[in-house]
Amino acid sequence: MSNQTFDRPPQPISIGTKDLAAPLSTAASIARSVILISGWPLVVLLALALSSLAFFSAPNFIGLFHDDGIYAVVAKSLSEGNGYRIISLPGEPYQTKYPFLYSQLLSWAWSLNPQFPDNVSLLNFVTVFFYFASLLLAYVLYVQNTMGGKADALLYVFLVGAHAPIFSITSYTLSDIPFMAAALFCLTLSNPTNGFSIPTRSIVLLATGAGSAFLLRSAGAALILAGLIYLLLARRRKQFYLYLLIIGCLIVPWVLWQVMYGSGVIENSLLAYYYSYESPAFFLAGSDPGLAVQIIWANLLYSARTLDSLMFFRVLPELRAMIYPLILWGFWSILRRQTWFFNGFILFYMLLILSWPWHPARYLMPLLPIVLLSLFGGVQDATCIIRPYAMKAWSA
């Protein structure tokens, strides 16, 4: 027998940071699970209270926005079996601008009570239902991404639900709230704590959520693209093809509908607005780069001002110097822990907002839960750093 085995010097035992972090991550997961389960009754009650307040305080009229009237008119057409048409326009043209899913949901509510305007509250109930779901999903998102306690989680849900833009728009037949619910569903599902990169079931749910978001609003393309990029980078070929197949089954019929009925040239600019969107800035980069730059720059300014308004800095401008660093700190901390799906959605969605040739205020609303989440995360991280020094100074 050779003595080489015994003559070899002992090898040092290496312990990586992952080995040291494993018990901590397990403990963190257990803590999150405890908070998630124990907080559900209070969160459901809070969400029910806010949803009831939104429903019963709704003005019960349609037409304040352009698209709320279109959704309602098309829902009426669908419920009466006349197809996806704008029956309020001459010739009752096919609707090819807004995806059909939200109008389809409204049409079911319309069928329950076809008497207008008596059924407006029933139509609003559809939006309120998604508002309720958004609050529950916001709670899950908070628990997944922070180490805050149950009281902090309830405060976060309240701030999301009671925030003026979100709460007020719940009173109208608009797809903003349903889209936010679909986006939050995908973001919570893709969280690393769910083992997102492993089970096929998660891919099926994610593809269904992203495809449904696209059928609620075209901005759902950001979710679809984020999923494709994530699966490509993860080198999960089977899941990629499955994701692509489900997405295709969901959105291809709508895309074909747009091609079939929305390809004609409409000379009347007023009617053209009902048929399709204006060209985004990225599509204008080749033909009119100056206009494209102008659109993007203007949207950057509008987005900054909108964020100022959302955080009420117009009222208390002195808070900017303290709050914005905390938001950026918390946002960076969240991005470091998240998957490429989460980060990719934020990137692609912001690119969409900046490229659209209209004011981005309403379209920033689905990102508001992430902004508030970043603020909470920044405050918690700063507290963890400051607390030891404060305790030392107090004990001295």
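Look a little higher up for the structure.
Residues numbered from 1 in each chain as written. Predicted model: local features only at pLDDT ≥ 70, side-chain atom pairs only at ≥ 80, totals over all residues. Heavy atoms only, no water.

Structural notes on the overall build of the chain
As a reminder, the rule being used: Each helix is a run of DSSP H or I of at least 4 residues and each strand a run of E of at least 2, with the numbering of both proceeding from the N terminus. Accessibility here uses a 1.4 Å probe with only protein chains present; expressed as a share of the type maximum, an area under 20% marks a residue as buried, one over 50% as exposed, and anything in between as partly exposed. Contact definition: two residues touch when any of their heavy atoms are within 4.5 Å. Each accessible area is a Shrake-Rupley estimate made with a 1.4 Å probe; only the visible protein chains count as cover when residues are assessed.
Helix and strand counts for the chain stand at 17 helices and zero strands. Buried positions account for 44% of the 396 residues belonging to the chain. By sequence separation, contacts in the chain at least 24 residues apart represent 74% of the contacts at least 6 residues apart. Per element, the accessible surface of the chain, about 20,700 Å² overall, is 69% carbon and sulfur.

Concerning the nonpolar core
Just so we agree on the cut-off: Residues belong to a common nonpolar core when they are buried Ala, Val, Leu, Ile, Met, Phe, Trp, Tyr or Cys residues joined through side-chain atoms within 4.5 Å.
Residues Y156, Y243, F345 and Y349 are the most contacted members of the largest nonpolar core, which totals 102 residues. Counting residues per element, this core draws most heavily on helix α5 (residues 120-145), which supplies 13 residues.

Concerning helix α4 (residues 101-112)
Here is the rule we go by: In this analysis, the expected span of each helix is defined as 1.5 Å times one less than the number of residues it contains.
Taking 1.5 Å per residue, 12 residues should reach 16 Å; α4 reaches 18 Å between its end C-alpha atoms and fits that length. Considered for burial, the residues of α4 that qualify are Y102, S103, L105, L106, S107, A109 and W110. Those residues of α4 that are buried lie in contact with α3 (66-79), α5, α8 (176-189) and α9 (200-216).

Focus on the packing of α9 against helix α10 (residues 221-233)
Stated formally: The axes are straight lines fitted to the C-alpha atoms, using for helices just the contacting stretch, and the angles between their N-to-C directions are given from 0 to 180°. Angles are sorted into four bins: roughly parallel if under 35 degrees, roughly antiparallel if over 145, roughly perpendicular if 65 to 115, and oblique for all others.
It is the contact of α9 with α10, at a shortest axis distance of 7 Å, that shows an interaxial angle of 150°. When the axis of α9 is compared with that of α10, the two are roughly antiparallel. Across the interface between the two elements, I203, A210, A213 and F214 of α9 pack against A221, L223, I224 and L231 of α10.

Details of the pattern of salt bridges
Quick note on the threshold: Salt bridge, as applied in this entry: a Lys or Arg side-chain nitrogen positioned within 4 Å of an Asp or Glu carboxyl oxygen.
According to the stated counting rule, one finds five salt bridges in the structure shown. Between R217 and D176 there is a salt bridge whose closest N-O contact spans 3.0 Å. A residue pair is termed long-range when its members are at least 10 positions apart, and R217 in the loop between α9 and α10 and D176 in helix α8 qualify at 41 residues. Both residues of the pair, R217 and D176, count as buried. The residue D176 makes a salt bridge to R362 at a minimum N-O spacing of 2.7 Å. Highlighted residues: D176 in helix α8 and R362 in the loop between α16 (340-355) and α17 (368-395), separated in sequence by 186 residues.

Quick word on the environment of G39
Along the chain, G39 falls in helix α2 (residues 17-56). Residue G39 is classed as buried on the basis of its relative accessible area of 0%. For the pair G39 and K150, spaced 111 residues apart in sequence, the C-alpha separation works out to 6.0 Å. Setting aside residues no more than four positions away along its own chain, G39 makes contact with Y139 and K150.

Focus: unusual backbone geometry
A cis amide bond, omega 10°, links F116 with the succeeding residue P117. Of note in this structure, R235 is not a glycine but carries a positive phi near 60°. Its location among the elements puts R235 in the loop between α10 and α11 (237-261). On the accessibility criterion, R235 (77% relative accessible area) is exposed.

Let's talk about a nonpolar patch on the surface
Note the following rule: Here a patch means residues that are over 30% exposed by relative accessible area and free of salt bridges, tied together within 9 Å if like-charged and within 5 Å if nonpolar (Val, Leu, Ile, Met, Phe, Trp, Tyr).
A surface patch of nonpolar side chains, amounting to about 620 Å² of accessible area, comprises L233, F282, F283, W340, L347 and L351. Elements that contribute at least two residues to the nonpolar patch include exactly α13 (281-284) and α16. Among the elements that take part in the nonpolar patch, α16 stands out by supplying three residues, more than any other.

Comments concerning the environment of Y71
Position of Y71 relative to the elements: it lies in helix α3. Its relative accessible area of 3% is what places Y71 among the buried residues. Residues Y71 and L174, 103 residues apart in the sequence, show an inter-C-alpha distance of 7.4 Å. Not counting chain neighbours up to four residues away, the residues in contact with Y71 comprise Y98, Y102, S103, L106, T173, L174, S175 and L216.

Section: the packing of aromatic side chains
Definition in use: Here a pair means two rings of Phe, Tyr or Trp (six-membered ring of Trp) with centres within 6.5 Å. Their orientation is stacked below 30 degrees between planes, edge-to-face above 60, and tilted elsewhere.
Within this structure, the stated rule accounts for 26 aromatic pairs. With 5.6 Å between their ring centres and 90° between their planes, Y142 and F376 make a pair best called edge-to-face. Note that Y142 is positioned in helix α5 and F376 in helix α17, a separation of 234 residues in sequence. Comparing Y142 with F376 shows no difference in burial state: the two are buried. Relative to W358, the ring of W356 has its centre 5.6 Å away and its plane inclined at 20°; by these criteria the two rings are stacked.

So, the side chain of Q338
Test applied: The term polar contact refers here to a pair of N or O atoms within 3.5 Å; inside protein, the definition further demands a hydrogen-donor-capable atom paired with an acceptor-capable atom, and it admits residues adjacent in sequence only when both atoms are side-chain atoms.
With respect to the helices, strands and loops of the structure, Q338 is situated in the loop between α15 (320-337) and α16. The class of Q338 is buried, set by a relative accessible area of 10%. In this structure the side chain of Q338 is engaged in a polar contact, spanning 2.6 Å, whose partner is the side chain of N145. Not counting residues up to four positions away in its chain, the partners in contact with Q338 are N145, S190, N191, P192 and N343.

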